[in-house]
Amino acid sequence: MGNVCSSGQKKKKDKDSASEKSDDSPPYQEADKKDLISTESNAGDEKRAPLAAVEALPDVTPLPEANGNQLQDHQNHQPPTALGKTSGADKDSSTTTPQGAQAPSDVANANPAAGNLSVLQGKPPPGRKIERDKKIVVYILADNSTEYKKHKRVVHSLYKHFKSKCQSRGFDFIIADVHDSEPETEPGNGNAKKDFSRLQEVKRWTQTPLEAQGGHEEAANCLCEITRHSAGAYIVPVLFLGATLGTPMLPLTIESQDFTSVLGTASEAERLLLEKWYTIDNSYQPMCHRLHAQQVDPYSGQANGELNELLAVLLRLFSEDVKDSYLTTVVEQEINNTVLMSQELAKRCIWIQTGQVPRAPENSSQLELEVQRRISRVYSKLKSQLCEKNLIRLLPTMSILDEELSAVIESLLDKALAGIFEEHQLKSSIPYNTLGVDRVLLEELQLVGHYSKLLAQNSANFDIMNDVKRYIRDSTVQPLVVSGARGSGKSVLVSKIMENVHRWKPEAQLILRYANLSARSSDLTSLLGSMANQMSVLETGHQYQVPHTLEAYAGVIREILDRQQRFFVLIIDGVDELQREETLDWLPLQLGSAKLILTVSELAEESEDGADGTGAGGDGFDMLAALAQLGIPQRCFLRVRQFTERQWHDILSSGGGDFYAANGALKLPDEWKTLHGKTPYHAKSLWWLAWLGHVAQPISEIGDISGRILQVLESKFATDQVELLLLIVRLSPWGIRESDCLGVFQKMTQVEAQVAFKIWSKFCWLMGPMLLGLKNIRIADRSFGRAVLARYAQKQWLVHEALRDYFDRQDSEFKGSQGVNTYNYQKYLKLPYHHFCAVIEDKPAPHKIDILFNCFYFTDLQWIANKVHATGPDHLLNDILQAVWLAKSGGEDSTSEYVHIHFLKRFLEQYLHELSYDGQQFYTLMKYYLKTSFRESPELKDDEKIRSWWECTNELEFAFLEILNADLDAENGNRADETPATGDGEAEASTATSTVRGYDVLMNLPQPGCYVASLSTERAEICIWDVKNCCRIRELQGIQQPTAMCPVGSYEAAVLCRREIRVINLDEGKFKVRFCMDDIYHYIILFVSNTQVTLKGVMNQKMPYFGLHDQNHLVCLSRNRMYVNLMNLESGDCVTTFKAGEDRFLNSLLVSGDGRILVCGDETQKPFPLLVWHLSQRKLLYDLRIPHHDFLTSLSAITHEGSYVCVVAKELNEPTTPNFIVVYDLQSGTLFKKWKPSCNTVSLAISQVNACVIAGLEDAKILIWDLVTGNCKSTLIGHNAPVTFLKLDPLGKVLLSYDKEGRDGAIRMWELNSGMTISGKFDIGVFISFFSTAKSLAVFKPPAQVSTSEILPNGAFVVLALKDRNSLLTLALKNYGSGSGDALDDDCGGTLYGNPDNQHKIFDLSN
């Protein structure tokens, strides 16, 4: 990062210490031509700034550092929106990438649950900092000189390129250029012109905010723009600075102490001039003299001369340090509030130097000397703060083509944006590992917390706060209803409750939602679903998987409340805006130990929201009266009152809040304090009018305050501009991105982009607290939003149409840097809603209801799937609800004839949780839902839309999973329809359902076809399954406690039963026959009967490890764990014993796929070694160990040929550090590779086919390490819990991953060698891409936890055993490779397992 520089927020007389030098941002140095050539020659193909060495400065006495950081301090004590507040830019140093083969990581070593727990408990976000939005602002710092016009055009020409690049990463992008380009320099000398004629317009001097009066309008606008973006965006400053600093401004205020000292040295004429223009302001602290801007006469030519003379007087009388405090220009203020205040901005800043530091001529004027001194001082400070590599020198003598300059600026901006992308990913407050908590839920809670923090900065009448506190603490079991007029501060009250509830009740679990804050709080069902999910996570650790219906969620909430295990405080703010039906059956009336607070607006008049779809619900439905009829006691109804006379007087005297900068300098007329209707919204509106300088206008009725605000805005802009800007913001549900608002406004007004931004920037500045920047731009107050819709009702249809056309013209997908496509999130989010509104409000359009429900957005399955994938199913469901509501508002009472709409709605309600997890499952679930729906209701095939969806799912060309089971919710196993046959030794099928459900092991069977074996220990059974047909074909019962198995030959298996290994013929359903009747006595006992061979007493009870050497031999860990036995499966003899030494206890056993190499862990010696034997040669090859490290042999893997073994190791001396991965070359016995990810590895696999090691990490990532280069070549993103299970298909091409603990309930399939770029979804609609040799193939979230699984060759089929279910879930991977489910259909269908006569038989082996 750049240097650590002082903030400048100190008194002007204080002395600062000098700034420290940064290691990675060296100061500018004088460089000769040789140095420059050397630097450029080492840069390779990297584009560098032309002549990046700074010129040698003239010999100027360096100024004290203390004065240098005070340019913004005495800008007349400007308001927090301008100078009183810091820019908000962070001073955090950038994260350093670890050296060596380190894994890219963004999660700290802390427990991932810790960061999520506080937000789940409803605690307010810590500190004042709010996480930044995905927004990048290129802010241009410059004076108004015309010499920058050409170069600024070059920057603006790059807008489309960088906007597209940012959109592909989910970021908004704008170029902020607030400056006018007007002649400000005298020809020839480049000095600042002493002309204030441009500033004489009375509106610029008086009817503006206080900090903008006296010619400071542009400065105030610029600094407000900086503050606005610093709060939530990433800023890239582009500084244009040459030989001028622009027009100097007169100070708005001068501290009385300084003013008195100046008068003491002034002549009589100078004193009279100073006293004429500066009057004392006793209300300001400290006391000051304020520029008397109101006396400027716009029709008088005398003012310009006096103002120039006043500036000259101040230049003569001020000392240098006082000049630095009071006399400044716009660009100086911008520099001081950006690059000199924030290391982060200094590091990113691009400096385009367009001139040299001027040398003052011999007969220089006072102003010329001051300009030369100040610019030299600015250059000196910039040298020590900015990065040399970001300097572009464009001296007047140079001839630089626009294309050359554009290429250099593009290269520098590319680097800046790449750093921002990485920083945002690293600093994201929601990690990948959420321990299975839905990211959508955490984002909603984060939004609620940030909104509450913004609301808490406002004032309201908190007289009832003690009543709320008493309710939360006492034993009341009924809900509390808080009512009040619109604008009375109910939401502010709720935000204050959030701040205090954990002080009142430390054990409280706050569940808070604001109506219409987001799509997940825009209807009652979604809001209750979000609350139920949060409660279930706190109560049980996981989310309930119930249908997305009001009844289901209400049932979950009641069930959790009935348990009374936690003290829940539920708050719904604005519930009346969502209640569109008169039934309140969802509302729990008996809460037990919990609390429920509802805020309701008093019904005063009909809703004026029109067709925006976000207004108060229910055609004049009186929510308050309905609640009163439920039997809730009267004491549980509280009313937010208006301010009392004293409170009203106090808040209008000093309660303007942080936004209004003037403190005591901003005065409201006394007659305003007598107005009636004293609500926080009215107080906020009056302060806003006074801040704008409109205190002379009489206000007789406060009820029309919103109309007065709109009149004031129309007086400062063209009426149509105000109308369009307000409607664009208001008609966009949940706000609109700034770049989109600018794009629509520019298209509708047909103005240039830079002109449109200047209008927008000033609009945002003057709107002040009436706009809210919460991820998007939105109107802060509902009352003001209703006034906007009422005043500009006639143009709503026009704006909806413009918004629809704007998004419709955009591409649906963006191409990333590596060729991967990402969805246009904003288009999928906004376009359907504005289309619906435009259709409904288009009065001449006939059959508008048919047009609405049969439109492209409800009939095209690809659009529907893409929308679910891009934005989540919540927004698609919201589209349906909005369309239905709009249809009803248009006079259509019934929508039952639109079968496809109801079908789609039921589908989303059924699978909302699965699709919220990952929309990639859409086609998997849609095809299954279509199949089951056709089976239950064949008439659905008659609907043209639904039939077209079925045809679409059958014509897909990309890989997806198809569910082969007939019923996902089946509890019992699938048996064939026919009655099982019986034979010798077989028992008839039992019709009783076993009380023990589930399976412990699934195993691929080696014979041709698609078959797996399942093993259930408690039910003492082994079953053979036909994967393609999803049915059992053999069932072997009565096997004593089978716990593990290993296929032997075509139809046999070695099965671990207790501590015995038995060889069973799976086809015939019997133990292997041995005809030799000789008893062989050894320390291993061979138990012989006429029907079976049993290796009895072989295994250790706690570590029953064994593996196959060849078809006739297996190796197993001995009972005492001191050696490994090689056993003959035919005779039961112990062929040989492998022993490493006396008293060495082994704790693992790993056999290579070809059976040649055996690897065991030894837990006796320190550090734990790895012992490697060659089974064929029957000798110990290596005793591998690392000093001061232990091997975690439970996390190990070996290649099929036994060439490499990988294992996780742990440092003994630093037990808190993450473990790491080592790979040994077993041909030489040497340490081959060593990797240390940033967190613990929890699962491991190795593929010799793809020459890689796969590691599942604690932070929910999967890393793929290249065995050849040692680099991390892939980072697989998608899981939201530690990836504790990894399994490769038998061919080593497809990877199956999931969490065995069931926190992340989904399985994922990955192609390991695709040579493509992958993208993982970890934000709604946003996909972050990584260059990779792997890619995601499919994802599926089953209806229950996975207990065990198996993957068939090439990933053709995945078989899942679900917890407490006797049926296996079979998924076919369609449209992938030659070994997909499609290609294996013939093999699976044409090859029977074993003897055809044994099909579907049940064998009893208990006797």
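Counting from 1, residues in each chain are numbered in the order their sequence is written. Under the rules for a predicted model, residues below a pLDDT of 70 receive no local features and side-chain atom pairs below 80 are neither given nor counted, while totals for whole chains, interfaces and linings still include all residues. Calculation of side-chain values draws on the structure's entire complement of heavy atoms; hydrogens and water are dropped beforehand.

## Regarding the sheet that holds strand β13 (residues 637-639)
Criterion used throughout: strands pair if DSSP finds at least two bridges between them. Helix and strand assignments come from DSSP, with helices taken as H or I runs of at least 4 residues and strands as E runs of at least 2, each series counted from the N terminus. Spatial ordering of the open sheet is given by β10-β11-β12-β9-β13, a layout of five strands whose pairing is parallel. The open sheet has two free edges, formed respectively by β10 (508-514) and β13, since each of these has just one partner strand. Pairwise comparison of adjacent strand axes, ignoring direction, gives a mean angle of 15 degrees for this sheet. As paired strands, strand β9 (residues 480-484) and β13 are joined by three bridges and run parallel to one another. Bridging across to β13, Val482 finds its partner in Leu638. Only C-alpha atoms enter the line fits that serve as axes; for helices the fit covers just the stretch in contact. Angles between N-to-C directions range over 0 to 180 degrees.

## So, the packing of aromatic side chains
When we look at a pair of aromatic rings, we describe it by the centre distance and by the angle of the planes. The rule is short: rings of Phe, Tyr and Trp, with Trp giving its six-membered ring, pair when the centres are within 6.5 Å, and they are stacked under 30 degrees, edge-to-face over 60, tilted in between. Scanning all chains against the criterion turns up 36 aromatic pairs. Centroid distance Tyr999 to Trp1025: 5.9 Å. Interplanar angle 90 degrees. Geometry classified as edge-to-face. You can see Tyr999 sitting in the loop between β18 (960-963) and β19 (1001-1004) and its partner Trp1025 sitting in strand β21 (residues 1021-1026), a full 26 residues away along the chain. Buried, partly exposed and exposed residues are distinguished by accessible area as a fraction of the type maximum, computed with a 1.4 Å probe on protein chains only: under 20%, between the cut-offs, and over 50%, respectively. Under the relative-accessibility criterion, Tyr999 is labelled buried at 2%. Here the aromatic residues Phe903, Phe907, Tyr911, Phe922, Tyr923, Tyr929, Trp949 and Phe958 are joined through ring pairs into a cluster of three or more. Two thresholds decide whether a charge sits over a ring: the Lys NZ or Arg CZ must be within 6 Å of the ring centre and within 35 degrees of the ring normal. The ring of Tyr999 has Arg1019 sitting right over it, with the charged end atom 4.7 Å from the ring centre.

## As for the pattern of salt bridges
By definition, a salt bridge exists where a carboxyl oxygen of Asp or Glu is found within 4 Å of a side-chain nitrogen of Lys or Arg. Across all of its chains, the model carries 61 salt bridges by this definition. Across the pair Glu332 and Arg374 runs a salt bridge, and its minimum N-O distance is 3.1 Å. On the criterion of sequence distance, the pair formed by Glu332 in helix α13 (residues 330-336) and Arg374 in helix α15 (residues 366-385) is long-range, its members being 42 residues apart. In this structure, the salt-bridge partner of Asp474 is Lys595, at a minimum N-O distance of 3.5 Å.

## Observations regarding the pairing of strand β24 (residues 1052-1057)
Among the six residues of β24, five are classified as buried, and the element is accordingly described as predominantly covered. With six bridges joining them, strand β23 (residues 1042-1048) and β24 adopt antiparallel strand pairing. Opposite Met1045, over in β24, you have Val1055 as the bridge partner. Between β23 and β24, which pair antiparallel in sequence order, lie three residues; one of them, Gly1049, sits at a positive phi of approximately 70 degrees. Taking the residues that link successive antiparallel strands as the turn, the β24-strand β25 (residues 1060-1065) hairpin has two residues, and the phi of Arg1058 there is positive, at about 55 degrees.

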